[in-house]
Amino acid sequence: HKMVDLEDLAPNKLSGGGQSAASAEKREMVTKLQRKALTKEGYKIIGSHSAVKLCRWTKNQLRGRGGCYKHSFYGITSYQCMEATPSLACANKCVFCWRHHKNPVGTEWRWKEDDPDFIVKEAISLHVNMIKQMKGVPGVLLERLTEAHTVRHCALSLVGEPIMYPRINEMLRALHTREIRSFLVTNAQFPERIEQLDPVTQLYVSVDAATKDSLKAIDRPLFKDFWERYLASLSALKQRKQRTVYRMTLVKSWNMEELDGYAELVEYGLPDFIEIKAVTYCGKSDASSLTMQNVPWHDDVCQYAEELCKRLTFRNRCQIRYSIATEHQHSCCILLAREDKFKVDGSWYTWIDYPKFHQLMRRYYETGESFASEDYMAKTPDWAVYQSQERGFDPLEQRWRRKEGKDNGAVDPSLVPDANESGCG
């Protein structure tokens, strides 16, 4: 109720200048109050419907204190990663949303459309300016700060639903032609958009629940046919040739009792990877009833992932074996991978050969020739493999803790980010 703008309450009728209601609909997505609230939380608004924000993991790795789980799982350099979105609007109001629902919601695009190349240029410019502001921050490594001025990766998962943007393929091309790889996250409510999507480096679908009732309770979708759209999105994901991921967020007392249901969804969509992560508590909010009691420990996530692998093997309905490949203890996050694709001669290949990906994308844009996830995979380093001594922490980084004696495999409450901090994990 605090985010309603008076302009949105105006009736649809002819304006004083004779403008029709249809043309008047094409207004800016973000109201003045929403823009003010998002800006206060550190978002840099681009044009009328896009945004960029500096991720806490980018800041962390600039100081040599370790990268996010994507660094451990896929070889992403966190300090060269830009977190952005071309659509601040979303079709869900998830209970664990980082943003506490300060962004717009909607089931279709009814706003102005900014040019995709403009969005990318502005996102890079704003991101680099935020990087420059890190100069002089205690612990920042000068060499990394310099390298961070060149964006190499874009996580399209900041807030909202990126795939809603009607010109998303043009935006992806604007990123890829700059040799910026793309991780895109969709909330599984726009299956037709998944079908129309050009190749991305890695495509995520949020799989937050295994039953219709729990999905309604957790994601709080706006679509009436949300369950059918959910399943259709998983089916569309199955047809993709490039890397695909189920992103599962575990919330105690909400969705951790649905192992068979999750196993069935895995058999339905056969993703390349399954990320299983503990929900991140973002502080108290009128928009969510979650507390720290709903946050699983890392050991809980490991146990759940192991049980899901056993359940899939026992059911034996898809003839594909999944097992735990890597972990990132700091994020309470586990990665399951398909052994038939990403385990070669007993070694995991969950990392990405990024130069090869860009080579394949150039060929795709020139000739239309497609490619598969196996064409650009790279070997996972030993320190990132599940149950290694490092537990997914890069040995080249320096471990840093706010409190002593917290190396017990559990989440340190002092490290829980507040609602103003951004991050994919």
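Everything discussed here concerns the structure shown above.
Reading the values: the criteria
- Residues numbered from 1 in each chain as written.
- Predicted model: local features only at pLDDT ≥ 70, side-chain atom pairs only at ≥ 80, totals over all residues.
- Heavy atoms only, no water.
- Phe/Tyr/Trp six-rings, centres within 6.5 Å; stacked < 30°, edge-to-face > 60°.
- Helix = DSSP H or I, 4+ residues; strand = E, 2+ residues; numbered from the N terminus.
- Buried < 20%, exposed > 50% of the residue type's maximum accessible area, 1.4 Å probe, protein only.
- Lys NZ or Arg CZ within 6 Å of the ring centre and 35° of its normal.
- Arc of directions from axis to C-beta.
- Disulfide = S-S within 2.5 Å.
- Pairing = 2+ DSSP bridges.
- Axes fitted to C-alpha atoms, helices over the stretch in contact; angles between N-to-C directions.
- Contact = heavy atoms within 4.5 Å.

1. Considering the packing of aromatic side chains
Here's step 1: One pass over the full model with this rule turns up 15 aromatic pairs.
Here's step 2: Summarising the aromatic geometry, the rings of Tyr 74 and Phe 273 are spaced 5.9 Å apart at their centres and angled 70° between planes, so their arrangement reads as edge-to-face. Of this pair, Tyr 74 sits in helix H4 (residues 69–74) while Phe 273 sits in strand E8 (residues 273–278); the two residues are 199 residues apart in sequence, bridging distant segments of the chain.
Here's step 3: Accessibility expressed as a relative area gives 0% for Phe 273, which makes it buried.
Here's step 4: Ring geometry for Trp 109 and Trp 111: centres 5.5 Å apart, planes at 85°, overall edge-to-face.
Here's step 5: The exposure class of Trp 109 is buried, given its relative accessible area of 15%.
Here's step 6: Chaining the aromatic ring pairs together yields one cluster made of Tyr 69, Phe 73, Tyr 74, Phe 183, Tyr 204, Phe 273 and Phe 342.
Here's step 7: Lying across the ring of Tyr 69, Lys 70 places its NZ or CZ 5.3 Å from the centre.

2. Considering helix H2 (residues 32–40)
Here's step 1: Taken together, the buried positions of H2 are Gln 34, Ala 37 and Leu 38. Across the axial projection of H2, the buried residues extend over an arc of 95°, all falling on one side. Exposed side of H2, more than 90 degrees from the buried face: Lys 32, Lys 36 and Lys 40 are the residues found there.
Here's step 2: Immediately beyond the C-terminal end of H2, within one or two residues, lies Gly 42, with a positive phi of roughly 100°.

3. Examining unusual backbone geometry
Here's step 1: Located in the positive-phi region is Ala 188, a residue other than glycine, with phi close to 65°.
Here's step 2: On the secondary structure map, Ala 188 appears in the loop between strand E5 (181–186) and helix H8 (191–196).
Here's step 3: We note that Arg 220 has phi near 45°; this positive angle belongs to a residue other than glycine.
Here's step 4: Secondary-structure assignment places Arg 220 in the loop between helix H9 (212–219) and helix H10 (226–238).

4. Notes on the state of the cysteines
Here's step 1: Taken as a whole, this structure holds 0 disulfides when the rule is applied.
Here's step 2: As a non-bridged cysteine, Cys 90 has Cys 94 as the owner of its nearest cysteine sulfur, 6.1 Å distant.
Here's step 3: Of all cysteine sulfurs in the structure, the one in Cys 302 sits closest to Cys 332, which takes part in no disulfide; the separation is 8.5 Å.

5. Remarks on the sheet that holds strand E3 (residues 81–85)
Here's step 1: Read from one edge to the other, the open sheet built from 10 strands follows the order E1-E2-E3-E4-E5-E6-E7-E8-E10-E9, with strand pairing classed as mixed. Unpaired on one side and paired on the other, strand E1 (44–46) and strand E9 (322–328) mark the two borders of the sheet. Put simply, the sheet's adjacent strands are angled 25° from each other on average, direction ignored.
Here's step 2: Sheet analysis places E8 next to strand E10 (residues 333–338), joined by 5 bridges and oriented antiparallel. Looking at E10, one finds that Lys 277 is bridged to Cys 333.
Here's step 3: Docked against the sheet, helix H11 (residues 259–269) engages strand E7 (243–250), E8 and E9, running at close to 165° with respect to E7.

6. Looking at the pairing of E3
Here's step 1: Counted residue by residue, E3 has 5 buried out of 5 residues, so it is predominantly covered.
Here's step 2: The alternating pattern of E3 places Cys 81, Glu 83 and Thr 85 and Met 82 and Ala 84 on opposite faces, both of which are buried.
Here's step 3: Pairing of strand E2 (residues 50–53) with E3, which is carried by 3 bridges, proceeds in the antiparallel orientation. Bridging from a neighbouring strand, Ala 51 pairs with Thr 85 of E3.

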